[in-house]
Amino acid sequence: MGANTSHVSDLSDNPSLKILVGTESMSENDPFWNQLISFTFISPTSSGDSKLLEEAVIPLAKIFIENNPRSGNFGALVRIFLSRTKELKISTECQDQLFIWQAHNALFMIRCLLKVFIREMSEEELHLQFSYQERAPGSCGGTGSEDLLEELLSNLIHMIVEVPLLDITYSILFEAVTTLLVFFSYQLFHKDILRDGLIYQHIMKGRCLSLTSRLVKTLLYNFIRQEKCPPPATHIFEPKAEGGLLYGLASGVASGLWSVFTLGGAGSKVGIDQEHNPLPLSNQSLLLLLVLANLTDGPDWPNPYRQAITCFRNTQDTSSLSAEQPHTFQINFNSLYTALCEQQRSDQATLLLYTLLHQNANMRTYMLSRTDMDNLVLPILEILYHVEDRNSHHVYMALIILLILTEDDAFNRSVHEVVLKNVSWYSERTLTEISLGSLLILVVIRTIQFNMTRTRDKYLHTNCLAALANMSAQFRCLHQYAAQRIISLFALLSKKHNKVLEQATQSLRGRQGDNTALPDYAQDLNVIEEVIRMMLEIINSCLCSSLHHNPNLVYALLYKRELFEQFRTHPSFQDIMQNLDTVIGFFSQRLEQAGSDLSVERVQEVIMKGAQALPTDRLRKFPELKFKYVEEDQPEDFFIPYVWSLVFNSGVGLHWSPHGIELFSMDSG
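Worth saying up front: this structure is predicted, and the values here are computed from it rather than measured. (Residues numbered from 1 in each chain as written. Predicted model: local features only at pLDDT ≥ 70, side-chain atom pairs only at ≥ 80, totals over all residues. Heavy atoms only, no water.)

Draft legend 1. Quick look at the layout of surface pockets. Considered as a void within the structure, the largest pocket measures approximately 690 Å³ in volume. Taken together, 20 residues make up the lining of the largest pocket; nearest its centre are Met 452, Arg 456, Lys 496, Val 500 and Ile 528. Elements with a contribution of two residues or more to the lining of the largest pocket: α23 (436-453), α24 (458-472), α25 (480-510) and α26 (521-546). When residues in the lining of the largest pocket are grouped by element, the largest group, 7 residues, is from α25. In terms of residue class, the lining of the largest pocket is made up of 8 nonpolar, 5 polar and 7 charged. (1 Å grid on protein atoms, 1.4 Å probe; cavity = no way out; pocket = protein on both sides within 12 Å on 5 of 7 lines; lining within 4 Å. Points joined across faces, edges and corners; volume = space filled by probe spheres on them. Helix = DSSP H or I, 4+ residues; strand = E, 2+ residues; numbered from the N terminus. Nonpolar A, V, L, I, M, F, W, Y, C, P; charged D, E, K, R; others polar.)

Draft legend 2. Representation of the state of the cysteines in the model. One pass over the structure, following the stated rule, counts 0 disulfides. With no disulfide of its own, Cys 544 lies 9.3 Å from the sulfur of Cys 542, the closest cysteine sulfur. Residue Cys 544 is classed as buried on the basis of its relative accessible area of 19%. (Disulfide = S-S within 2.5 Å. Buried < 20%, exposed > 50% of the residue type's maximum accessible area, 1.4 Å probe, protein only.)

Draft legend 3. The environment of Ser 472, seen in detail. Assignment of secondary structure puts Ser 472 in helix α24. For Ser 472, a relative accessible area of 0% corresponds to the buried category. Expressed as a C-alpha distance, the spacing of Ser 472 and Cys 542, which sit 70 residues apart in the sequence, is 5.1 Å. Ignoring anything within four residues of it in the chain, the contact list for Ser 472 reads Ile 538, Ser 541, Cys 542, Ser 546 and Leu 625. Within the local environment of Ser 472, its side chain forms a polar contact with the side chain of Ser 541, the two groups lying 2.9 Å apart. (Contact = heavy atoms within 4.5 Å. Polar contact = N/O pair within 3.5 Å; in protein donor to acceptor, adjacent residues only side chain to side chain.)

Draft legend 4. How the structure looks around the packing of helix α20 (residues 374-385) against α23. Packing of α20 against α23 brings their axes to within 9 Å, and their N-to-C directions diverge by 20°. Relative to α23, the element α20 lies roughly parallel. Where α20 crosses over α23, the two elements pack in a sense that is left-handed. Seen from α20, the contacting residues are Asp 374, Val 377, Leu 378, Leu 381, Leu 384 and Tyr 385; seen from α23, they are Leu 436, Leu 439, Leu 440, Val 443, Arg 446 and Thr 447. Per-class residue counts for the contact of α20 with α23 are 9 nonpolar, 1 polar and 2 charged. (Axes fitted to C-alpha atoms, helices over the stretch in contact; angles between N-to-C directions. Parallel < 35°, antiparallel > 145°, perpendicular 65-115°, else oblique. Left-handed = near helix turned anticlockwise from the far one by under 90°.)

Draft legend 5. Highlighting the pattern of salt bridges. Applying the stated rule across the entire model yields 20 salt bridges. With a closest N to O distance of 2.8 Å, Asp 409 and Lys 626 form a salt bridge. You can see Asp 409 sitting in helix α22 (residues 409-414) and its partner Lys 626 sitting in the loop between α29 (600-613) and α30 (639-649), a full 217 residues away along the chain. Here Glu 605 and Lys 609 are joined by a salt bridge, their closest N and O atoms 3.3 Å apart. With a gap of 4 residues between them, Glu 605 and Lys 609 both fall in helix α29, about one helical turn apart. (Salt bridge = Lys/Arg side-chain N within 4 Å of Asp/Glu carboxyl O.)

Draft legend 6. Examining the confidence of the model for the protein more closely. Overall, the prediction assigns the protein a mean pLDDT of 82, with 82% of residues at 70 or greater. Mean pLDDT in the protein bottoms out at helix α13 (residues 245-253), which sits at 34, and peaks at helix α17 (residues 333-342), which reaches 97. A low-confidence stretch, residues 1-6 (pLDDT under 50), is modelled with 27 contacts involving residues beyond four sequence positions or located in other chains. When the criterion is pLDDT under 50, residues 234-275 qualifies, and its contacts beyond four places in sequence or with other chains add up to 93 contacts. (pLDDT = per-residue confidence, 0-100.)

Draft legend 7. Inspection of the environment of Ser 507 at higher detail. Summarising the element assignment, Ser 507 is placed in helix α25. What makes Ser 507 buried here is its relative accessible area of 14%. Each C-alpha atom, one on Ser 507 and one on Tyr 521, is 9.4 Å from the other, the two residues being 14 residues apart in sequence.

Draft legend 8. Examining unusual backbone geometry more closely. Of note, Gln 226 is a non-glycine position whose phi angle comes to about 50°, a positive value. Positive phi, normally seen in glycine, also occurs at Asp 597, with a value near 55°. Secondary-structure assignment places Asp 597 in the loop between α28 (574-594) and α29.

Draft legend 9. Quick peek at the environment of Met 121. Summarising the element assignment, Met 121 is placed in the loop between α6 (97-120) and α7 (123-131). Spatially, the C-alpha atoms of Met 121 and Ile 65 are 9.4 Å apart, while their sequence positions differ by 56 residues.

Draft legend 10. Structural context of the packing of helix α4 (residues 73-85) against α6. One can describe the packing of α4 onto α6 by two numbers: an axis separation of 9 Å at closest approach and a directional angle of 145°. Classified by chirality, the crossing of α6 by α4 is left-handed. Where α4 abuts α6, its residues Phe 74, Leu 77, Val 78, Phe 81, Arg 84 and Thr 85 lie against Phe 99, Gln 102, Ala 103, Ala 106, Leu 107, Met 109, Ile 110, Leu 113, Leu 114 and Phe 117. Among the residues forming the contact of α4 with α6, the class breakdown is 13 nonpolar, 2 polar and 1 charged.

Draft legend 11. Structural view of the packing of aromatic side chains. As enumerated under the stated definition, the model contains 21 aromatic pairs in all. Considering the side-chain rings of Tyr 555 and Tyr 559, the 6.5 Å spacing of their centres and the 10° angle between planes classify their relative orientation as stacked. Of this pair, Tyr 555 and Tyr 559 both sit in helix α27 (residues 551-559), 4 residues apart, which is roughly one turn of that helix. For Tyr 559, a relative accessible area of 59% puts it in the exposed group. Taken together, the aromatic side chains of Phe 64, Phe 74, Phe 117, Phe 130 and Phe 183 make up a single cluster linked through ring pairs. A cation over an aromatic ring shows up here: Lys 205 above the ring of Trp 301, its NZ or CZ 4.2 Å from the ring centre. When the ring centre of Tyr 385 is taken as reference, the NZ or CZ atom of Arg 446 above it lies at 4.1 Å. (Phe/Tyr/Trp six-rings, centres within 6.5 Å; stacked < 30°, edge-to-face > 60°. Lys NZ or Arg CZ within 6 Å of the ring centre and 35° of its normal.)

Draft legend 12. How the structure looks around a positive patch on the surface. A contiguous patch of positive charge, built from Arg 456, Lys 495, Lys 496 and Lys 499, is present on the exposed surface. On the secondary structure map, Lys 496 appears in helix α25. Assessed through its relative accessible area of 32%, Lys 496 is described here as partly exposed. (Patch = residues over 30% accessible without salt bridge, like charges linked within 9 Å, V, L, I, M, F, W, Y side chains within 5 Å. Areas by Shrake-Rupley, 256 points an atom, 1.4 Å probe, with all protein chains shown as cover. Lys, Arg positive; Asp, Glu negative; His and termini not counted. Charge placed at Lys NZ, Arg CZ, Asp CG, Glu CD.)

Draft legend 13. α24, seen in detail. The first and last C-alpha atoms of α24 sit 21 Å apart over 15 residues, in line with the 21 Å expected at 1.5 Å per residue. Across the 15 residues of α24, 12 count as buried, placing the element largely inside the fold. Looking only at α24, the buried set comprises Leu 460, His 461, Asn 463, Cys 464, Leu 465, Ala 466, Ala 467, Leu 468, Ala 469, Asn 470, Met 471 and Ser 472. Buried residues in α24 make contact with α21 (392-405), α22, α23 and α26. (Expected span 1.5 Å × (residues − 1).)

Following this line, the structure appears as structure tokens:
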């Protein structure tokens, strides 16, 4: 295949690539194609390697864009790939690596070229690149009647759903999934959300539509299986010692096109790449699934992929499938639940969990019925605990998941029945034994305090408080530290309220006769008072519903009783303060009767006995605190930019510097 191509920079001088991108039309029967796609190469699985490759491909692809209307070689390359995939399933069953190897190489080249094509041209112009045919001498050229673009899209989806995932097929399935993502990547070059287009039409309404449920199911199973990238000898072609046809092909081109150009050598990079991303197929499959699920609905049809995600059922469900849900299917819920629990460190897994909890009633019911909810909740709490190291989108998703979970009363009861030992990642205090419910309260309160001092995001505050409010009536046996933190948060809010009130007063005194605009202290006060009101309602809800189950909260309330004095006569809090006054007064009297210089143990004993003696009718009943997550409260099209930011930042085979990326850039903290 010409000179040794040992470095990425040598690609532009490679004779075979010069022929491919040149003006000469190459017949599909020409041996050139067999030679071109017979190379040994490990697809880059890190952002750095992908960027090096793209920088080398860009000048070649730009030449190809100019010459392809005359040569039609891109369409020929696509047809060569399609011809190699016809026997792919049979080749897999027979362990015949030739077709797999060559099909992978052809698709890899197509994917590399497509990334540049998509950056350089519109969808209509891209469609033309597929349609240019080989010109006969003296002819005026023209386009064929077949839609090669749709044929390729359909073929890729057929490959993903039909070819089994084995070591020898791992790379080509990875390429198929990634190439579909590349096709959708037009979104990365537009600031506005794309709601239509040629590729969109093919995927949503064309020949691909009938494979909707199978594609979604396969992508989910790729995520569930979490297969690591196999070692090179099993997922790319390696020549056999005994020789033969494959050896002849490989030995003739091993020093050619991309063979030794493995960005430093095949052996030296794989370990590093796998360390950065050991699960490229799983990660790419999940990204593609999220992209498909978040495609916008058409004017007259809903997104079929979102329909499939919202209605699939458990394999244990023996009821008949509904004809009203044409894209439904069955999948093993236990395996999916386990994968979700194990993978919450990634944004995309958290977004999938949110999607299933919010939109798939079958999966939500199953999750809430699990007796090991701690396996799911603990990773979510760890995301929130390390809020400083997470992007804001990931934190939002984690909070929304908690809010959705706390809408269920059974969940709110069960989290207090799960006892945890030594939560290693919680560093503020050693927690040798604490209920999952108390830990949840601690982490949410910590998130609120972080938000108050750093981001000051009202939306984050609202979700945190809503989750606590949903749980408050089912608070049970709160850990001493959790009870203290509830009251400490109220103390922090009280201090902030007093500070803003003092600033407003001083500002008014200093500006008498000054008509310039005043700082909007009234608005600040209003926001703080809303949060204080919510905290008082949360404490009140617990006292009214389960006072006798929470002596530690009563103890903390009594210990800091002076905090509540200033709010007793405040018009915004008078009604809710009546119950707190009743509780504080009742237990204060019991402690006075018990004598002075009481030990902590004696105080707790008095509180526990008093809790049994306090008549419940002495506490005024308030409406139950219940908040539901409403997706419409999110900013318009929140999820589409979020999904594409994950694609852009995935570092697996996709790397662009698009003009529209401002829409998708993600913050790091």
